[in-house]
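These are the residues of each chain, in order.
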Amino acid sequence: FYRQGLIPRRLTVDELFENAEEAEQAGDLATAEALYRRCIALDRSDPIALFNLANVLCAQGRGAAAKLYLQLAASVDPGLAEAWYNLALLLDAEGDRGAARRSFERAIEADPLYADPLYNLAHLEFEAGAFGKARDLWQRYLRLDPDSEWSRKARHGLALCQRQSQWI
């Protein structure tokens, strides 16, 4: 329906969600937002609709609103690691390092194999001067992602941690 530019009044939640995803992928963020909001109004227990709406809001530069929907998504499904991770990124961008750290930890707890929060938490720990913690986190990260561009950065971070440990 989205492709036709028409949105019938009585779509199922699944059809609304599908149309919202199509609008989002097409870059029509206003339509995607409206459709995700309709999905949520019909089913407030869907953490993915909450998460996707947060991503749309973030893409529109509406970080405060995005943060709220990420918190809702994480409260509906505490195992949704991506919600915790995206929330941590927003909190970090706001300068709330403590809350960002806790959200990265929740993301790791929800999915121990999700490498991105390990990397970002290691970076936070490094910036805070907790070089041992940063080293351990980057080592865990590298076991999960040994060959990416980010792994090169993690190896560099590890080397810096080792240098700092020698100076202390």
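Residues numbered from 1 in each chain as written. Predicted model: local features only at pLDDT ≥ 70, side-chain atom pairs only at ≥ 80, totals over all residues. Heavy atoms only, no water.

Chemist: Teacher, can you tell me more about the overall build of the protein here?
Modeler: Along the protein, the regular secondary structure elements total nine helices and zero strands. Counting helices and strands in the order they occur from the N terminus, the protein gives α-α-α-α-α-α-α-α-α. Each of the three principal axes of the protein carries a C-alpha extent, and together these read 65 × 30 × 25 Å. Residue burial in the protein is summarised as follows: out of 168 residues, 40% are buried. In the protein, the share of contacts with a sequence separation of at least 24, taken over all contacts with a separation of at least 6, comes to 43%. Split by element, the accessible area of the protein, about 9,300 Å² in all, is 50% carbon and sulfur. Put simply, the protein has 20 plus and 25 minus side-chain charges, and the middle of one group is 5 Å from the middle of the other. (Helix = DSSP H or I, 4+ residues; strand = E, 2+ residues; numbered from the N terminus. Buried < 20%, exposed > 50% of the residue type's maximum accessible area, 1.4 Å probe, protein only. Contact = heavy atoms within 4.5 Å. Areas by Shrake-Rupley, 256 points an atom, 1.4 Å probe, with all protein chains shown as cover. Lys, Arg positive; Asp, Glu negative; His and termini not counted. Charge placed at Lys NZ, Arg CZ, Asp CG, Glu CD.)

Chemist: Quick question: what am I supposed to make of the nonpolar core here?
Modeler: Considering soluble globular proteins, one finds that nonpolar side chains tend to be buried as a cluster. One finds Tyr36, Tyr69, Leu70, Ala83, Phe104, Trp138 and Tyr141 to be the most contacted residues of the largest nonpolar core, which totals 52 residues. Once you skip the residues sitting within four places of it in the chain, Tyr36 turns out to touch Phe17, Ala20, Glu21, Glu24, Ala49, Asn52, Leu53 and Val56. (Core = buried A, V, L, I, M, F, W, Y, C linked by side-chain atoms within 4.5 Å.)

Chemist: Which parts of the structure should I look at to understand the environment of Gly98?
Modeler: Position of Gly98 relative to the elements: it lies in helix α6 (residues 97-110). Judged by its relative accessible area of 27%, Gly98 is partly exposed. A C-alpha to C-alpha distance of 22 Å links Gly98 and Leu113, two positions 15 residues apart in sequence.

Chemist: Explain the pattern of salt bridges here, please?
Modeler: If the charged atoms of two oppositely charged side chains come close together, the side chains can form a pair. According to the stated counting rule, one finds seven salt bridges in the structure shown. The shortest N-O distance in the salt bridge between Glu33 and Arg62 comes to 2.8 Å. Of this pair, Glu33 sits in helix α2 (residues 29-42) while Arg62 is found in the loop between α3 (47-59) and α4 (63-76), placing the two residues 29 residues apart along the sequence. Take Arg62: its relative accessible area is 33%, and that puts it in the partly exposed class. We note a salt bridge from Arg101 to Glu125, for which the minimum N-O separation is 3.0 Å. Taken together, the positions of Arg101 in helix α6 and Glu125 in helix α7 (residues 115-127) put the pair 24 residues apart, joining distant regions of the chain. Connected through shared salt-bridge partners, Glu33, Arg37 and Arg62 make up one network. (Salt bridge = Lys/Arg side-chain N within 4 Å of Asp/Glu carboxyl O.)

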